[in-house]
Amino acid sequence: VATHPLDTIRVRISLTQGEAKLADILSDVGRQGGVRALYHGFAATMVGAGPRLALGFGVFETLKVELQKSDAYQRYPTACKAVFGYLAGLSGELLIYPLDTVRRRQQALGDGSPLARKSVGQAIMMVFRQEGLKGMYKGLALNLIKNPLATGVSLTVNDCVKDMLRPYRRRAEGR
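A quick note: this is a predicted structure, and the numbers were derived from the prediction, not measured.

Draft legend 1. The pattern of salt bridges, seen in detail. According to the stated counting rule, one finds 14 salt bridges in the structure shown. D100 is the salt-bridge partner of R52, the closest N and O atoms lying 2.7 Å from each other. Taken together, the residues R52 in helix 3 (residues 42-67) and D100 in helix 5 (residues 77-109) connect sequence positions 48 residues apart. Since its relative accessible area comes to 27%, R52 is described here as partly exposed. Between R166 and D163 there is a salt bridge, with the nearest N and O atoms lying 2.9 Å from each other. Of this pair, R166 and D163 both sit in helix 7 (residues 140-173), 3 residues apart, which is roughly one turn of the helix. Assessed through its relative accessible area of 36%, R166 is described here as partly exposed. Connected through shared salt-bridge partners, E61, K64, K81, D159, K162, D163 and R166 make up one network.

Draft legend 2. Layout of the environment of A88. Within the secondary structure layout, A88 lies in helix 5. Leave out the neighbours within four places in its chain, and A88 touches G56, V59, F60 and L155.

Analysis parameters
- Residues numbered from 1 in each chain as written.
- Predicted model: local features only at pLDDT ≥ 70, side-chain atom pairs only at ≥ 80, totals over all residues.
- Heavy atoms only, no water.
- Salt bridge = Lys/Arg side-chain N within 4 Å of Asp/Glu carboxyl O.
- Helix = DSSP H or I, 4+ residues; strand = E, 2+ residues; numbered from the N terminus.
- Buried < 20%, exposed > 50% of the residue type's maximum accessible area, 1.4 Å probe, protein only.
- Contact = heavy atoms within 4.5 Å.

So this is what it looks like as structure tokens:
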């Protein structure tokens, strides 16, 4: 809730030609709809956050459990976890990307967009009707590199730290 306006401002700055001054961007946003304009795309963010995380953790943990006994996992557990994390991030990205498309467009175009006052579902359907499936996934290629890698690193580090702390937890519990 607190950081979404910062993301909206970042999107607007990235679309500004020439020098982009924060005061000018804030003034433009204020004229275009006030504080409410800072939250364009917020619903799409909220709708996508839970499923993206749930799918990511679900894929990661399922792969880990199903492949724990494999030779590769036994030899290279951290590398396998990184691959599992990447696949988890990839699946989340593929599922949620249409919501990101709607969010970015609502943030970038504000009230000037026909998407501005649409619900998330209506906005997705509008983009789909006008541009098809291809329109829903514009810009996906770069995200498939960046975001799944970040997810993979996060899940791998989290899991490795849990593994390292497990003996201390057992000692503390008297096992």
